[in-house]
Amino acid sequence: KNNPEDYKITVKVGSCKIESGVFETGNDGQLYARKKDDLELRLKQNSLVSVLDNPLALTDELAVKKGVIGLRVASNTLLIKTTFGDIRLRNATVTIKLSEHMVRLCVNEGTAIFIKKANFVPVKAGNEIAASKDKLSTIYKYLDDLHYVWYWKAPEEEPSLKIEN
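Description of the structure in this document. (Residues numbered from 1 in each chain as written. Predicted model: local features only at pLDDT ≥ 70, side-chain atom pairs only at ≥ 80, totals over all residues. Heavy atoms only, no water.)

### Comments concerning the overall build of the protein
Filter applied, for reference: Helix and strand assignments follow DSSP, with helices taken as H or I runs no shorter than four residues and strands as E runs no shorter than two, numbered in order from the N terminus. Note on classification: 1.4 Å probe, protein chains only; a residue is buried when its accessible area is under 20% of the maximum for its type, exposed when over 50%, partly exposed between these limits. Every residue pair with non-hydrogen atoms within 4.5 Å of one another is taken to be in contact.
Per the secondary structure count, the protein includes one helix and 15 strands. Going through the 165 residues of the protein one by one, you find that 50% of them count as buried. Considering only residue pairs separated by 6 or more positions, the protein has 37% of its internal contacts joining residues 24 or more positions apart.

### Focus: unusual backbone geometry
Of note in the backbone geometry, Asn 46 takes a positive phi value of approximately 55° without being a glycine. Along the polypeptide, Asn 46 turns up in the loop between β5 (39–43) and β6 (48–52).

### As for the packing of aromatic side chains
Selection criterion: Any two of the Phe, Tyr and Trp rings considered here, Trp counted by its six-membered ring, make a pair once their centres fall within 6.5 Å; the pair's planes then place it as stacked at under 30 degrees, edge-to-face at over 60, or tilted in between.
A complete count under the given rule lists one aromatic pair for this structure. Geometrically, the ring pair formed by Tyr 142 and Tyr 148 is edge-to-face, given 6.1 Å between the ring centres and 85° between the ring planes. The class of Tyr 142 is buried, set by a relative accessible area of 18%. Taking the relative accessible area as the measure of exposure, Tyr 148 reaches 41% and is therefore partly exposed.

### Here we look at the environment of Leu 52
Inspection of the secondary structure puts Leu 52 in strand β6. Residue classification places Leu 52 among the partly exposed residues on the basis of a relative accessible area of 25%. With 28 residues separating them in the primary sequence, Leu 52 and Ile 80 have C-alpha atoms 9.5 Å apart.

### As for the nonpolar core
Here is the rule: Only buried residues count toward a nonpolar core, which is a set of Ala, Val, Leu, Ile, Met, Phe, Trp, Tyr and Cys residues joined through side-chain atoms within 4.5 Å.
Of all hydrophobic cores here, the largest spans 32 residues; its most connected members are Leu 41, Leu 71, Leu 89 and Leu 105. At five residues, the largest contribution of residues to this core is made by strand β7 (residues 60–73). With sequence-adjacent residues up to four places away left out, Leu 41 is seen in contact with Phe 23, Leu 31, Tyr 32, Ala 33, Val 49, Leu 62, Ile 69, Gly 70 and Leu 71. Val 68, Cys 106, Tyr 142 and Trp 152 belong to the second largest nonpolar core, which has seven residues in total.

### Some words on the pairing of strand β11 (residues 103–109)
Worth spelling out the cut-off: DSSP-based pairing: two strands are paired if at least 2 bridges between them are found.
Buried residues dominate β11, accounting for six of its seven residues. As paired elements, strand β10 (residues 92–98) and β11 share six bridges and run antiparallel to each other. Residue pairing for β11: Thr 95 is matched across the bridge by Cys 106. Count of turn residues in the β10/β11 antiparallel hairpin: four residues. Sheet topology places β11 next to strand β14 (residues 127–131); five bridges connect them, and they run antiparallel. Bridging across to β14, Leu 105 finds its partner in Ile 129.

### A look at the pattern of salt bridges
Worth spelling out the cut-off: Note on definitions: salt bridges are taken to be side-chain nitrogens of Lys or Arg within 4 Å of carboxyl oxygens of Asp or Glu.
In this structure the tally under the stated criterion is 10 salt bridges. Asp 145 is the partner of Arg 104 in a salt bridge, and the nearest nitrogen-oxygen pair spans 2.9 Å. Linking Arg 104 in strand β11 with Asp 145 in helix α1 (residues 144–147), this pair joins segments that are 41 residues apart in sequence. Connected via shared salt-bridge partners are Arg 34, Glu 40, Arg 42, Arg 72 and Glu 109.

### Section: the side chain of Lys 35
Quick reminder of the rule: Throughout this description, a polar contact denotes any pair of N or O atoms lying within 3.5 Å of each other; where both atoms belong to protein, one of them has to be capable of donating a hydrogen while the other can accept it, and for residues adjacent in sequence the pair is counted only when both atoms sit in side chains.
Here Lys 35 is to be found in strand β4 (residues 30–35). Within polar-contact distance, the side chain of Lys 35 engages the side chain of Asp 60 at 2.9 Å.

All quantities given are derived from atomic positions and should not be read as evidence of function.
Now the structure itself:
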């Protein structure tokens, strides 16, 4: 069972709202959350993620509603739902960018499966894929804007989570 209360918030910068399994950051907010040793969740500014509490699901499920989200998943399987397709992760580190017109998935480590209608597309480390309402791109080499959002260090060492004085 995926329980929203299992997440421990390690770093919260700027405006963030956390309630009833919803993580949301404002235009100055960033958030880092961890679920045991199996899942890291990172949100950039103006991002929204919901934890789907589905007791019948065999995997944890999150819904990305908007923004730039980073996920590191160890052994557990995670299903991420977006407007334009779903993503299945296991032993992977990814960055997802969702806008009102498209979703982009950048795989930093491991392999992710992008699912759109009847298409199950494996995306390996160093690559991206994009999807809109009616289209699915081919796999392409990552673009720097997603690949380098985070350096995937511990939160206290992560440059993007430092508070500027």
